[in-house]
Amino acid sequence: MPAASLFRRYRALLCLSLCPLLLAACGQDAAPSAAPTRVRLQAVQPDTIQQAGLNLPGTVVARVDSTLSFRVPGRLLARPVDVGAQVGQGTRLAQLDPEPLRLARDEAAAQVAQTQGVLERSRRDVARNRTLVEKGALARADFDALETGLNNAQAQHDAARSRLAQARNNLAYADLSAPQPGIVTQVHAEVGQVVAAGTPIISMAYDGQRELEVDVPENGIARIQPGSTVQARLLSAPDTVLQGRVREISPVADPASRTYRVRVALDAMPDSARLGMTASVQLNHTGAAPAQVFRLPLAALYQQGKGPAVWVLPDEADHLELRPVTLGTMGTDHILVTAGLQSGERVVTAGVHRLDAGMPVQPWDHRLP
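Residues numbered from 1 in each chain as written. Predicted model: local features only at pLDDT ≥ 70, side-chain atom pairs only at ≥ 80, totals over all residues. Heavy atoms only, no water.

**Observations regarding the overall build of the chain**
So, step 1. For the chain, the helix and strand inventory stands at five helices and 24 strands.
So, step 2. By residue count, 31% of the 369 residues in the chain fall in the buried class.
So, step 3. Within the chain, contacts between residues at least 6 apart in sequence are counted, and of these 72% link residues at least 24 apart.
So, step 4. Of the accessible surface of the chain, which amounts to about 22,200 Å², a share of 53% is contributed by carbon and sulfur atoms. (Helix = DSSP H or I, 4+ residues; strand = E, 2+ residues; numbered from the N terminus. Buried < 20%, exposed > 50% of the residue type's maximum accessible area, 1.4 Å probe, protein only. Contact = heavy atoms within 4.5 Å. Areas by Shrake-Rupley, 256 points an atom, 1.4 Å probe, with all protein chains shown as cover.)

Next up, the structure:
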């Protein structure tokens, strides 16, 4: 076969073999775009606890209470009151054995009488020898010694009188009386017990204003200030709303419970309220409709140069929007957003620092591979 005919035959076969490849290449689409990034979303809802303030249990307590003790040591001879006793001012609460104190008083009185005799003799000696010194019959040095003895006798007599006054006071301290009207809330000692000075004997709650005592956790104490409004309901009278204000906030947390003790003064207390009753206390109550506050995981916070922000995916959209927000308090695992979000909006809650505003996204579904 001639060379030209053979060349034309090979060229035709080559074209026939390349045609399917060319047709397939022409039928292919353009290179596919990048797959959307899956993101975790949370539809935010107002935090109802934050709207209403802090709702905590409280206890009815007396505004003034104290633990009473003896000023002197001794053996408890009598305790005529028990827990719950209503006592008036000056009522005897407990009594020590007075005999040792009475003996100490008598001894001090005897010392006063002894020093009184020494003092009188020194006065007579000085008065009798004064004329002898003036006549020159007695040396001046000897008279000065008599005057020094008189001064010492006077000092000893004054000291003895002070000891007698102290002994009389100690005898009076053998009786423990109520300093104000009130109610006995706790008894710490029993008859026959030997107690030291300052040992707790009786605890009293004084008559007068009653208030509420609330233990506030660490993550809520920053939102409470003295004078903040309070609403409360006694469990024994749930239909009665009590109004009050924060009177006192402990500056130090309790070492055991890690809570701060808050005292709430109420405008009025029902007659049925008794010490120790439980109340539901609503702290930081303003009386007006509270602003919406949203609780989000700490991982949702995106820090940018202008301030805190979160990634929001609008409805029917596949691109994120970076939304500046205003933060309230921040916990160890959450943040509170007070402005910048609306109820129902979807917020990215993980991997926020790997996202970009122009990046296509889709909600993450754990069922997808």
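That was the structure; now back to the text.
**A word on the pattern of salt bridges**
Should their charged atoms come close, side chains of opposite charge can pair.
So, step 1. Per the stated rule, a full pass over the model turns up 20 salt bridges.
So, step 2. Notably, a salt bridge pairs Asp315 with Arg346, separated by 3.9 Å at the nearest N-O pair. One end of the pair, Asp315, is in the loop between strand S19 (307-313) and strand S20 (321-324); the other, Arg346, is in strand S23 (residues 346-348), and 31 residues separate them in sequence.
So, step 3. In this structure, Glu345 and Arg323 form a salt bridge, with 3.1 Å as the shortest nitrogen-oxygen distance. Of this pair, Glu345 sits in the loop between strand S22 (334-339) and S23 while Arg323 sits in strand S20, placing them 22 residues apart in sequence. (Salt bridge = Lys/Arg side-chain N within 4 Å of Asp/Glu carboxyl O.)

**With respect to the sheet that holds strand S3 (residues 54-62)**
So, step 1. Sheet architecture is closed into a barrel: six strands sit in the order S3-S12-S15-S14-S13-S16, paired in antiparallel fashion. Taking each pair of neighbouring strands and ignoring which way they run, the sheet shows an average axis angle of 40°.
So, step 2. Sheet analysis places strand S13 (residues 229-234) next to strand S14 (residues 237-249), joined by five bridges and oriented antiparallel. Bridge pairing in S14 places Leu234 opposite Ala237. (Pairing = 2+ DSSP bridges. Axes fitted to C-alpha atoms, helices over the stretch in contact; angles between N-to-C directions.)

**Some details on the sheet that holds strand S8 (residues 175-177)**
So, step 1. One open sheet holds the four strands; their spatial order is S8-S7-S5-S10, and the pairing between them is antiparallel. Edge positions in the sheet fall to S8 and strand S10 (194-195), since each of these pairs with one other strand and no more.

**As for helix H3 (residues 99-135)**
Side chains that are three or four residues apart share a direction in an α-helix, a result of its 3.6 residues per turn.
So, step 1. With 37 residues, H3 should reach 54 Å at 1.5 Å per residue; the first-to-last C-alpha distance of 56 Å fits that figure.
So, step 2. Along H3, the sharpest kink reaches roughly 30°, centred on Asn129.
So, step 3. Within H3, burial applies to Leu101, Ala108, Val112, Thr115, Leu119, Ser122, Val126, Asn129 and Val133.
So, step 4. Looking at the buried side of H3, the elements it contacts are helix H4 (140-172).
So, step 5. Positive backbone phi, at 85°, marks Gly136, one or two positions downstream of H3. (Expected span 1.5 Å × (residues − 1). Bend = angle between axes of the 7 residues up to and from the residue.)

**Focus: the pairing of strand S15 (residues 259-266)**
So, step 1. Counting buried positions along S15 gives seven out of eight residues, so the element sits mostly inside the fold.
So, step 2. Across seven bridges, strand S12 (residues 210-217) lies against S15 in antiparallel orientation. If you follow Val214 over to S15, its bridge partner there is Val262.

**So, the packing of H3 against H4**
So, step 1. Relative to each other, H3 and H4 sit at 160°, their axes nearing to 8 Å. Between H3 and H4, the angle falls in the class roughly antiparallel. H4 is crossed by H3, and the crossing has left-handed handedness.
So, step 2. When its residues are assigned to classes, the contact of H3 with H4 shows 17 nonpolar, 10 polar and 10 charged. (Parallel < 35°, antiparallel > 145°, perpendicular 65-115°, else oblique. Left-handed = near helix turned anticlockwise from the far one by under 90°. Nonpolar A, V, L, I, M, F, W, Y, C, P; charged D, E, K, R; others polar.)

**Remarks on the confidence of the model for the chain**
So, step 1. Across the chain, pLDDT averages 83, with 85% of residues at or above 70.
So, step 2. Contacts for the low-pLDDT stretch residues 21-25, under 50 throughout, to residues beyond four places or in other chains number zero contacts.
So, step 3. Per-residue pLDDT stays below 50 along residues 285-289; that stretch engages in three contacts with residues further than four places along the chain or on separate chains. (pLDDT = per-residue confidence, 0-100.)

**Some words on the nonpolar core**
So, step 1. Among the nonpolar cores identified, the biggest contains 23 residues, and Leu212, Val214, Val216, Leu234, Val264, Val281 and Leu283 are the most heavily contacted of them.
So, step 2. Secondary structure elements with two or more residues in this core: S3, S12, S13, S14, S15 and strand S16 (278-283).
So, step 3. Broken down by element, the residue count for this core peaks at four residues, all from S15.
So, step 4. Once residues within four sequence positions are removed from consideration, Val216 is found in contact with Leu54, Leu56, Ile221, Ile224, Thr259, Tyr260, Val262 and Leu283.
So, step 5. In terms of nonpolar packing, the next biggest core, distinct from the first, is built from 21 residues, Leu101, Ile201, Ile202 and Met204 among them. (Core = buried A, V, L, I, M, F, W, Y, C linked by side-chain atoms within 4.5 Å.)

**Side note on unusual backbone geometry**
So, step 1. One non-glycine residue, Arg258, lies in positive phi territory at about 55°.
So, step 2. By the element assignment, Arg258 lies in the loop between S14 and S15.

**Description of the environment of Pro314**
So, step 1. By the element assignment, Pro314 lies in the loop between S19 and S20.
So, step 2. The class of Pro314 is partly exposed, set by a relative accessible area of 28%.
So, step 3. As for Pro314 and Glu345, which are separated by 31 residues in sequence, their C-alpha atoms are 7.0 Å apart.
So, step 4. Apart from the residues within four sequence positions on either side, Pro314 is in contact with His319, Glu321 and Arg346.

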